[in-house]
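Structure at a glance
Below are the chains, spelled out letter by letter.
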Amino acid sequence: MTDNITSTGEEEEKTIYDELHDAPPKKKLKLTWVGKLGVTVVAFWVVMALIGPYIAPFHEADIIADDSYLPAFSTDSEGTYILGTDYLERDILSRIIWGARTTIGISFVATLLAYMMGVTLGIGAAVAGGWTDMILSRANDAILSLPSIMLGLLIVVALGTSIPILILTASLIYAASVFRIARALGQDIMVIDFVEAARVRGEGLWWVISREVLPNAAMPLATDFGLRLVFVVLFISSLSFLGLGIQPPAADWGSMVRQNLSGLGYGSYASVWPALAIASFTISINLIVDDISAKSGGSLAKKMI
Amino acid sequence: MSELLEVRGLKIEAKKEDGTPIPIVKGVDFVVKAGQVVALIGESGSGKTTISLAALAYTRPGLEFCGGEVCLHGEDILTMPPLGQRNLRGNRVAYLAQSAAATFNPAITIGEQVTESAVLHGVLTQEEANIRAIELYGALELPDPELLGRRYPHQVSGGQLQRLMAAMALIGKPDLLVLDEPTTALDVTTQIEVLKAFKKVINEEGSAAIYVTHDLAVVAQVADHIVVLYSGEVQEQGSVEQIINNPQHPYTKRLMAAVKPKPTVDLASDAVDARHDREHDNVRVENMTAGYGGIIDGKPAITVLRDIDMSVENGHVVGVIGESGCGKSTLARVIAGLLAPAQGSISLDGKILPGNMLSRSRSELQKLQFVYQMADTALNPRQLIGDILGRPLQFYHGITGKENRRRVNELLELVELPIDFAERYQTELSGGQKQRVNLARALAAEPEVLLCDEVTSALDSIVSSNVIKLLSKLRDKTGVSFMFISHDLSTVASFADEIVVLYAGRVVEQGPVAKILAPPFHPYTRLLISSVPELRIGWLEETMGKREMAVGIARGVEITEVGCPFYNRCPMAIEGTCNLDTAPVHEPSSGHLIACHCSLEDIIAVEHETQQILKGFEGIGDKVDINPTGKAAVLTQEHF
């Protein structure tokens, strides 16, 4: 150190590199084992959603077993029911594997849509301000003030039950809360100097939203994404329970939990397995998100949005 | 004298994620004797704050003590049980943080907060503590000691709050006071008042102190012993006389060299032609009034700037100087179009600009570039440096692809940064490097005028002197004009061609640097100039003896609608005139304007008087520091 100082003192030109000693090193994004566990579990369920129907022992709608609520590893003439059977004598493992496609697919697409709507409008409202903000925010308040299940029922009953309608309903309802978060984040970022620097440069609205505000809001929004996905899974299973969600005999995890609840009274784990599936999927998403935001690398967060 | 605090072989480390230790403090030894003020001096990152906190047996989260000992009265406080350490903190050792504004709770009265620690530690009862607090307010020369305790923090000024924090620390009569950069965030005129109060109260209370700072000139005023730190190691330590007058270590010498000299004028080199020629003006501000809130009848709800007339000539550097809150940043924001003026006009190359940036054309925006004070917030943390610099090139000049990347590299070279920084993010650079990128982005637009808002105030002395050097080089290379805003007169003086002195939203004096820094002065300019600390022992006492200090220090700025804004702090104020009428403008020499009610003759006469007082300052210096016990006066003679 001492030599370094002496030499820089003599050579005028070198002095500025003195400042380098406290420059933080270039960051690299590395997941810890927790994050890696999350990635593994999510990847497993995504693979199941893709190839599930080809590897599942039975069809989701097959009523094959001799009895309902059979315990795990029961065997009969049709084969072995690894996780037992449900209230309609169907194989639970097969239904979970089939259900991965509906549950993950619908809730993921719905959440993604909710995010596209909520973030675009929310950040747009924060950036534009004034009357645009006022109108969008009040409209949003109106949606938020309606109980989500009631609103969902209303739309589904009016427009009929189908998967596209279900996705649109869920995304509309959850876009409202995403709007709230995105607008609050956007407003915080709007007052930071670099946004002002872009505006004083003459940049348009779209540049400010997409390049200045959005990348900086990405991390907190991604964290929220995991949480919102869980809500959508639960919302869809609530609708299914009322008979307006995914139509039988198609399996989805949420309705499997509801339908088999009565089995708990007979000591059956039939409703626990799909609940574990929901938990493992949603918790794993949160693990990944937490791990990334813990050492916010930047590059990956950008890709996530 | 006995050793109050002994630090021996102190080592503090941080840990990386994989567990490799990063040494922060690498074996530091020093001693604080009773009643002595020891200064820890170094750049940011030198470990000075970490070491000073060790005197409270505290480390910031993520750091840990790895060796050595810190003995208070011979007892190692690092190995004490947590309860013992708790009893020590705020009681026997007290800490004064850098920002008083962030330390005080805005919802609790000052009196309650000041007395809290003494009552909590059971040293004093609430009544005793209240009486002691009032004594301390008096000793710290705070106004209205009896009633001050009932106020809330937002009801007093920044300098007063800083002194109140000293009262908070001293309430329990601690043996040792740890002061962490207590004046760094303050204006020079406030700094001098706080320094004076600290010095007096430390003398009176007889407590020892550790004074952490990066400012050698401040240290020269308050310390007995100096410890020079670099990268967690002691480079040199010795008495204040030895370090200031006869530094041995090359690093100390470098620190001394980075201290900006007292603003002086090199008349030979600065023979700037002062003719004001409209055709050579880049930016001209005429009769401009601006402020915040809705505008009614050309008057904003809160007026920040009033009747501003100034201009930036082609290729010139105009320094704008004033205390915080005087409106200097607002002036730059109005010129940049971020705030539309309520009255008056801004013109660029003779053409009047629309007030709001949204109505300005792209080429008008391109010609005026704003450089923000805080590079941390001015650069998007999610964009690569290369993209940040490349965008203005693409936006204003349509340069894309390989040519864009080549120009980015040129810009990085221009601001003396390695080319591979283009692939980094802002968070991966140090403070000085970020400020260089910030400048490079403004230069990428190829502007005619750069509006620099306090670009060096957040940086260390060595880093900031490098940035100033760079700015002068850029000016020579690119021929761009600057409006350079700062509260630091010496920085401005070293770089500017002309200076505009702002006070409470009005221009009180403007002209070429040589004219501003030489008599005749506006009374406020003189106060500013004499408040800049000098690297000389005894400067503080000497300065406080001057007449304008007695009047101008320790009084708040009042923003007035009529009359001269400086009225309540001016030693020459004429009642019935200065507070009622707008000051007329004198022009003692071409291009040099002073707004003052006093005639030029009077101003010059006072100047002579001040010079005479200065010659006989010895007597006055002693008088200022006299107090009932007479102890301080004795100390003063010993040390200075």
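Worth saying up front: this structure is predicted, and the values here are computed from it rather than measured.

Our focus in this paragraph is the nonpolar core. Core analysis: the largest hydrophobic core is formed by 174 residues, its most contacted members being Ile335, Leu451, Met483, Phe484 and Val501 of chain B. Looking at this core element by element, the count peaks at 16 residues for helix 3 (residues 92–128) of chain A. Built from parts of two domains, this core gets at least three residues from each of domain 2 (278–383 + 447–516) and domain 3 (523–585 + 599–639) of chain B. Residue contacts for isoleucine 335 of chain B: discarding those within four places in its chain leaves Val283, Val285, Ile346, Leu368 and Leu451 of chain B. With 83 residues, the next largest nonpolar core counts Leu10, Ala129, Val218 and Val227 of chain B among its residues.

Residue and element names in this part refer to chain B. Along its 13 residues, helix 7 (residues 158–170) runs 19 Å from first to last C-alpha, staying within 8% of the 18 Å computed at 1.5 Å per residue. A large share of helix 7 lies buried, amounting to 12 of its 13 residues. Taken together, the buried positions of helix 7 are Gly159, Gln160, Leu161, Gln162, Arg163, Leu164, Met165, Ala166, Ala167, Met168, Ala169 and Leu170. Of the surrounding secondary structure, the elements contacted by the buried residues of helix 7 are strand 6 (93–96), helix 3 (100–103), helix 4 (110–120), helix 5 (126–139), strand 7 (176–180) and helix 8 (188–205).

Here we take up the domain arrangement of chain B. Residues and elements named next belong to chain B. Domain boundaries in chain B define domain 1 (36–58 + 86–258), domain 2 (278–383 + 447–516) and domain 3 (523–585 + 599–639). Across the contact, 12 residues belong to domain 2 and nine residues belong to domain 3. Listed by contribution, the elements that provide at least two residues to the side of domain 2 that touches domain 3 are helix 19 (489–495), strand 19 (498–503) and strand 20 (506–512). At three residues, the largest contribution of residues to the side of domain 2 that touches domain 3 is made by strand 20.

A few words on the sheet that holds strand 8 (residues 208–213) of chain B. Residues and elements named next belong to chain B. On the basis of which strands lie adjacent, the open sheet formed by six strands has the order 6-7-8-3-9-10 and mixed pairing. Bordering the open sheet on either side are strand 6 and strand 10 (233–239), each of which pairs with just one other strand. Neighbour-to-neighbour, the strand axes of the sheet open up by a mean angle of 15°, direction not taken into account. Pairing of strand 9 (residues 225–230) with strand 10, which is carried by six bridges, proceeds in the antiparallel orientation. Within the sheet, the bridge partner assigned to isoleucine 226 lies in strand 10 and is glycine 238.

What follows is about the pairing of strand 9 of chain B. Residues and elements named next belong to chain B. The buried fraction of strand 9 is high, at five of six residues. Note that strand 3 (residues 37–41) and strand 9 share four bridges and pair parallel. Paired with isoleucine 41 across the two strands is valine 228, which belongs to strand 9. Linking two consecutive strands that pair antiparallel, namely strand 9 and strand 10, is a turn of two residues; a positive phi of about 55° is found at serine 231 within it.

The subject of this paragraph is the packing of helix 16 (residues 401–414) of chain B against helix 17 (residues 431–444) of chain B. Residues and elements named next belong to chain B. Where helix 16 contacts helix 17, the two axes come as close as 9 Å, and the packing angle between them is 130°. With respect to their mutual orientation, helix 16 and helix 17 come out oblique. When the axes of helix 16 and helix 17 are compared, the crossing they make is right-handed. Contact residues: helix 16 offers Leu411, Leu412 and Leu414, while helix 17 offers Ala440, Leu443 and Ala444. A breakdown of the residues in the contact of helix 16 with helix 17 according to their chemical character gives six nonpolar, no polar and no charged.

Quick look at the confidence of the model for chain B now. All names here are of chain B. Mean pLDDT over chain B stands at 81; residues scoring 70 or higher make up 88%. In the predicted structure, residues 266–278 sits below a pLDDT of 50 and forms 13 contacts with residues beyond four places in sequence or in another chain. For the stretch residues 613–640, pLDDT sits under 50, and the model shows 32 contacts to residues farther than four places along the chain or on other chains.

A few words on the sheet that holds strand 2 (residues 21–33) of chain B. Read across the open sheet, the four strands follow the order 2-1-4-5 (chain B); overall the sheet is antiparallel. Across the chains shown, the open sheet's two edge strands, defined by having one partner strand only, are strand 2 and strand 5 (75–76) of chain B.

About the criteria used
By convention here, each chain's residues receive numbers from 1 onward along its written sequence. Here the convention is simple: chains get letters from A, ligands get numbers from 1, in the order in which they are written. Only residues with pLDDT of at least 70 get local features here, since the model is predicted, and only at 80 or more are side-chain atom pairs given and counted; chain-wide, interface and lining totals rely on the full set of residues. Put simply, a nonpolar core is buried Ala, Val, Leu, Ile, Met, Phe, Trp, Tyr and Cys residues tied into one set by C-beta atoms within 7 Å. Think of it as a crowd count around each C-beta: if 20 or more other C-beta atoms lie within 10 Å the residue is buried, if 12 or fewer it is exposed, and in between it is partly exposed, with C-beta placed from the backbone throughout. Strands here mean DSSP runs of E at least two residues long; helices mean DSSP runs of H or I at least four residues long; both are numbered from the N terminus. Residue ranges assigned to each domain were obtained from an automatic or database domain assignment. The contact criterion used here is simple: two residues whose C-beta atoms, placed from the backbone, lie within 7 Å are in contact. To estimate the expected span of a helix, subtract one from its residue number and multiply by 1.5 Å. For two strands to be treated as a pair, DSSP must find no fewer than two bridges joining them. All axes here are fitted lines through C-alpha atoms, helices being fitted over the stretch that makes contact, and every angle between N-to-C directions spans 0 to 180 degrees. Each angle gets one of four labels, with under 35 degrees taken as roughly parallel, over 145 as roughly antiparallel, 65 to 115 as roughly perpendicular, and the rest as oblique. Here a crossing is called left-handed whenever its near helix is offset anticlockwise from the far helix by less than a right angle, and right-handed whenever the offset is clockwise. Residue classes follow a fixed rule: Ala, Val, Leu, Ile, Met, Phe, Trp, Tyr, Cys and Pro count as nonpolar, while Asp, Glu, Lys and Arg count as charged, and any other residue, Gly among them, counts as polar. One confidence number per residue, pLDDT, is output by the predictor and ranges from 0 to 100.

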